Amino acid sequence: MLFDFRLFSGSAFLAYKEENPYSLEECLGVFRLYFQTYEEYMGKPHPPIRREQIARIMEVMPFLARPDPAFRQWLKEVCNYTPVSDIDPDMYPLLIRLHFKTKYRHCDYNINHFFSGKIRELRLHEAEAGYE
């Protein structure tokens, strides 16, 4: 892989939060697979992303539906509730493959696009319908 994953891993380590339902290793596994697949499809390494973007992606990675941040904070403080992931890390290889097979208008296939909006949820519906 041409992408400097060693340098990226250092930034991910600094951005990782212990309350994440995924381990750092699981997050890094998803990132690695995405960047490898990006190179296969695009013929070049994924552009670098900032630590803030890495942190945001790791925060949303375990979830398809994200409650409002204020509501999450209330759940944590008042109910002592820790969020549980609603998407298994083992689903990501198929979702990433389906993402790169999808033709979008005006899309550069940056990882930020994959972790925005309902992209992953739509790919999950395709996976559940048997698409590969």
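Residues numbered from 1 in each chain as written. Predicted model: local features only at pLDDT ≥ 70, side-chain atom pairs only at ≥ 80, totals over all residues. Heavy atoms only, no water.

1. Details of a nonpolar patch on the surface
Where nonpolar side chains cluster on the molecular surface, the patch consists of Phe 71, Trp 74 and Val 78 and spans about 310 Å² of accessible area. Looking at where Phe 71 falls in the secondary structure, it is placed in helix H4 (residues 69–79). (Patch = residues over 30% accessible without salt bridge, like charges linked within 9 Å, V, L, I, M, F, W, Y side chains within 5 Å. Areas by Shrake-Rupley, 256 points an atom, 1.4 Å probe, with all protein chains shown as cover. Salt bridge = Lys/Arg side-chain N within 4 Å of Asp/Glu carboxyl O. Helix = DSSP H or I, 4+ residues; strand = E, 2+ residues; numbered from the N terminus.)

2. Comments concerning the packing of aromatic side chains
The final tally for this structure, using the stated rule, is 17 aromatic pairs. Summarising the aromatic geometry, the rings of Phe 5 and Phe 35 are spaced 6.4 Å apart at their centres and angled 65° between planes, so their arrangement reads as edge-to-face. Here Phe 5 is found in helix H1 (residues 5–15), whereas its partner Phe 35 is found in helix H2 (residues 24–42), with 30 residues between them in sequence. Neither residue differs from the other here; Phe 5 and Phe 35 are each classed as buried. (Phe/Tyr/Trp six-rings, centres within 6.5 Å; stacked < 30°, edge-to-face > 60°. Buried < 20%, exposed > 50% of the residue type's maximum accessible area, 1.4 Å probe, protein only.)

3. Observations concerning the pattern of salt bridges
One pass over the full model with this rule turns up three salt bridges. Between Arg 50 and Glu 52 there is a salt bridge; the shortest N-O distance is 3.5 Å. For Arg 50, a relative accessible area of 52% translates into the label exposed. Linking Lys 118 and Glu 121 is a salt bridge whose minimum nitrogen-to-oxygen distance equals 3.3 Å. Of the residues examined, Glu 121 reaches a relative accessible area of 25% and is grouped as partly exposed.

4. Thoughts on the environment of Lys 76
With respect to the helices and strands, the residue Lys 76 is situated in helix H4. Take Lys 76: its relative accessible area is 46%, and that puts it in the partly exposed class. Along the primary structure Lys 76 and Tyr 131 are separated by 55 residues, whereas in three dimensions their C-alpha atoms are 37 Å apart.

5. Some words on helix H3 (residues 51–60)
Among the residues of H3, those classed as buried are Gln 53, Ile 54, Ala 55, Ile 57, Met 58 and Val 60. The inward-facing, buried residues of H3 abut H1, H2, helix H6 (111–114) and helix H7 (119–128). (Contact = heavy atoms within 4.5 Å.)

6. A few points about the packing of helix H5 (residues 92–101) against H7
Contact geometry for H5 and H7: axes closest at 9 Å, N-to-C directions at 100°. It follows from the interaxial angle that H5 and H7 lie roughly perpendicular. Contacts between H5 and H7 involve Tyr 92, Leu 94, Leu 95, Leu 98 and His 99 from the former and Ile 119, Arg 120, Arg 123, Leu 124, Glu 126 and Ala 127 from the latter. Its residues assigned to classes, the contact of H5 with H7 shows seven nonpolar, one polar and three charged. (Axes fitted to C-alpha atoms, helices over the stretch in contact; angles between N-to-C directions. Parallel < 35°, antiparallel > 145°, perpendicular 65-115°, else oblique. Nonpolar A, V, L, I, M, F, W, Y, C, P; charged D, E, K, R; others polar.)

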